[in-house]
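Next come the chains, spelled out residue by residue.
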Amino acid sequence: MDAEKSSSSSFEDLSNINEQERAEMNSSTGQQETASKDKNEEYLDILGNGTLLKKVLKEGQGERPESKDIAVINYTGRLDDGTIVEEERDCVVQIDDVEVVQGLDMALKLMNVGEQAEVIVAARFAYGELGLKDEDHPERTVPPNEKITYTVELVSTKEETDLESKSYAARKEIGNKKRLRGNFWMKRQEYNLAIQSYRRALEYLDESEGGITNPTESGQLEPTNAELQELLEDRMKVYNNLALAQLKIAAYDAALKSVEHVLQCQPNNAKALFRKGKILDAKGDTKGAISFLQKAATIDEDDKLIQSELSKLVLKSKREARNEKDLYQKMLGHAQKLEQKSKSAPATQNRETSKLCSFFQFKLWGYLMGSILIGVAGVAIYRYNNRYF
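Residues numbered from 1 in each chain as written. Predicted model: local features only at pLDDT ≥ 70, side-chain atom pairs only at ≥ 80, totals over all residues. Heavy atoms only, no water.

## Some words on the UniProt feature "repeat: TPR" (unreviewed entry) in the protein chain
Move 1: UniProt tags residues 236-269 and 270-303 as "repeat: TPR" (unreviewed entry).
Move 2: For the annotated span residues 236-269, helix accounts for 79% and strand for 0% of the residues, and the straight-line distance between the end C-alpha atoms is 9 Å.
Move 3: Counting secondary structure, residues 270-303 comes out at 79% helix and 0% strand; the distance between its end C-alpha atoms is 9 Å. (UniProt positions renumbered as here; feature names shortened; annotations may be inferred. Helix = DSSP H or I, 4+ residues; strand = E, 2+ residues; numbered from the N terminus.)

## Details of the nonpolar core
Side chains of nonpolar character tend, in soluble globular proteins, to be buried together.
Move 1: Among the nonpolar cores identified, the biggest contains 38 residues, and M186, Y198, V238, Y239 and L242 are the most heavily contacted of them.
Move 2: Of all elements in the fold, only α3 (168-187), α4 (191-205), α5 (225-248), α6 (252-265), α7 (270-282), α8 (286-299) and α9 (304-341) reach the threshold of two or more residues within this core.
Move 3: Broken down by element, this core gets its largest block of residues, nine residues, from α5.
Move 4: Among residues more than four places away in sequence, those in contact with V238 are R179, Y198, A201, L202 and L205.
Move 5: Core analysis: the second largest hydrophobic core is formed by 28 residues, I95, V119, A126 and L132 among them. (Core = buried A, V, L, I, M, F, W, Y, C linked by side-chain atoms within 4.5 Å. Buried < 20%, exposed > 50% of the residue type's maximum accessible area, 1.4 Å probe, protein only. Contact = heavy atoms within 4.5 Å.)

## Quick word on unusual backbone geometry
Move 1: Even without glycine at this site, V98 takes up a positive phi of about 45°.
Move 2: Structurally, V98 can be placed in the loop between β4 (84-94) and α2 (102-108).
Move 3: You will see that N145, though not glycine, has its phi angle at about 55°, which is positive.

## Topic: the packing of α5 against α6
Move 1: Where α5 meets α6, the closest approach of the two axes is 8 Å, and the angle between their N-to-C directions is 155°. The angle between α5 and α6 falls in the class roughly antiparallel. Crossing angle aside, the handedness with which α5 passes α6 is left-handed. For the pair α5 and α6, contact is made by L232, M236, Y239, N240, L242, A243, Q246 and L247 and by Y252, A254, A255, S258, V259, H261, V262 and C265, respectively.
Move 2: In the contact of α5 with α6, the residues fall into twelve nonpolar, four polar and no charged. (Axes fitted to C-alpha atoms, helices over the stretch in contact; angles between N-to-C directions. Parallel < 35°, antiparallel > 145°, perpendicular 65-115°, else oblique. Left-handed = near helix turned anticlockwise from the far one by under 90°. Nonpolar A, V, L, I, M, F, W, Y, C, P; charged D, E, K, R; others polar.)

## What to know about the layout of surface pockets
Move 1: Roughly 630 Å³ of volume is contained in the second largest pocket.
Move 2: Lining the second largest pocket are 24 residues, and of these Y127, L132, K133, R181 and F184 lie nearest its centre.
Move 3: Listed by contribution, the elements that provide at least two residues to the lining of the second largest pocket are β4 and α3.
Move 4: Sorting elements by how many residues they give to the lining of the second largest pocket places β4 first, with five residues.
Move 5: Broken down by class, the residue content of the lining of the second largest pocket amounts to eleven nonpolar, one polar and twelve charged. (1 Å grid on protein atoms, 1.4 Å probe; cavity = no way out; pocket = protein on both sides within 12 Å on 5 of 7 lines; lining within 4 Å. Points joined across faces, edges and corners; volume = space filled by probe spheres on them.)

## Remarks on the sheet that holds strand β3 (residues 70-78)
Move 1: Read across the sheet, six strands follow the order β1-β2-β5-β6-β3-β4 without closing on themselves; strand pairing throughout is antiparallel. Whereas interior strands pair on both sides, the edge strands pair on one side only; in this sheet they are β1 (44-45) and β4. (Pairing = 2+ DSSP bridges.)

## Brief notes about the pairing of β4
Move 1: As paired strands, β3 and β4 are joined by eight bridges and run antiparallel to one another. Among the inter-strand pairings, V72 is bridged to a residue of β4, identified as V92.
Move 2: Counted between consecutive antiparallel strands, the loop separating β3 from β4 contains five residues, among which G82 sits at a positive phi close to 95°.

## Here's the deal with the environment of K248
Move 1: You can see K248 is positioned in helix α5.
Move 2: Considering only alpha carbons, one finds K248 and M186, 62 residues apart in sequence, at a separation of 9.8 Å.

## Description of the packing of aromatic side chains
Move 1: All told, the structure shown has two aromatic pairs when counted by the stated rule.
Move 2: Aromatic side chains F184 and W185 sit 5.0 Å apart centroid to centroid with 70° between the ring planes, which places their arrangement in the edge-to-face category. (Phe/Tyr/Trp six-rings, centres within 6.5 Å; stacked < 30°, edge-to-face > 60°.)

Structure below.
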């Protein structure tokens, strides 16, 4: 009996210990969940899916920037291991013009002047699958699919002044800054962001947008012809690159309009001629594409890319012509079979079949004669172009 009592007592003590441990574990789990919840509540989930989080480190008292406002910021970007991959002081950015990573650009509109914040940007809105390689600072490489935690301070913000009030020098500087940012996005194959940057660049580089002046002490002067020519050259670069970005996203009609802007001002621009040839090829106009690539090849004879693409298109054209010829021959053969079968048919049916055969024969001979004439004309034009350029 004493043994049974001792065993029962030990079992009750063990049971009490287990219940006490469970209570402590539940209490600890609850505290951890509460702490995790409190931590998450410190961050504003900007997009609602956890890919862009913002936490206020120091409250600001000033106004918030709006789209197209000019902001001055200080920021530092770190990886999870603490490695600094970006650091800028007194950096001037235009809101919504993706002059910083997309996530940071979006977060700036939710900050007040004087505010310091921590912004956690998922890879999708940072440097994505490609990451970032800084050739000048190899230690600041961002690996692919890596999130970045930014510490950012909004120093100041102001509205952008009207284009009419900006000088030639200011518009050229800002326009080319946005052009280079577009080139940055192009290299990263972020074509939509590149298009956004190029379109904004054109607003500054086009003298028809509000006019351009050179402010002096004695008043406003019109820019010189040399300055306008420089602006034109910059604008043609933007239109050429814009056409390429639009071609990459299959916006062929928009790309055609962009490249036409270049050819209207510079009809012998080899890059624009090459771009137009590529666009026409994408739209299914192989013959039109060949004519523009031929002209580009005569202007820039050393460009191997133009020569390579021209050779491909010529082979493609021959293949298309052969396929079309085979198709007509099959159609004619089918018509001849019908004619043979109809010999025993009534006279009315024979007349209809004869007409059908004559139609296909006419189409075949017309195609053959047309191909010969086009070939002769193409050779003559190409020789004339070689002599002219």
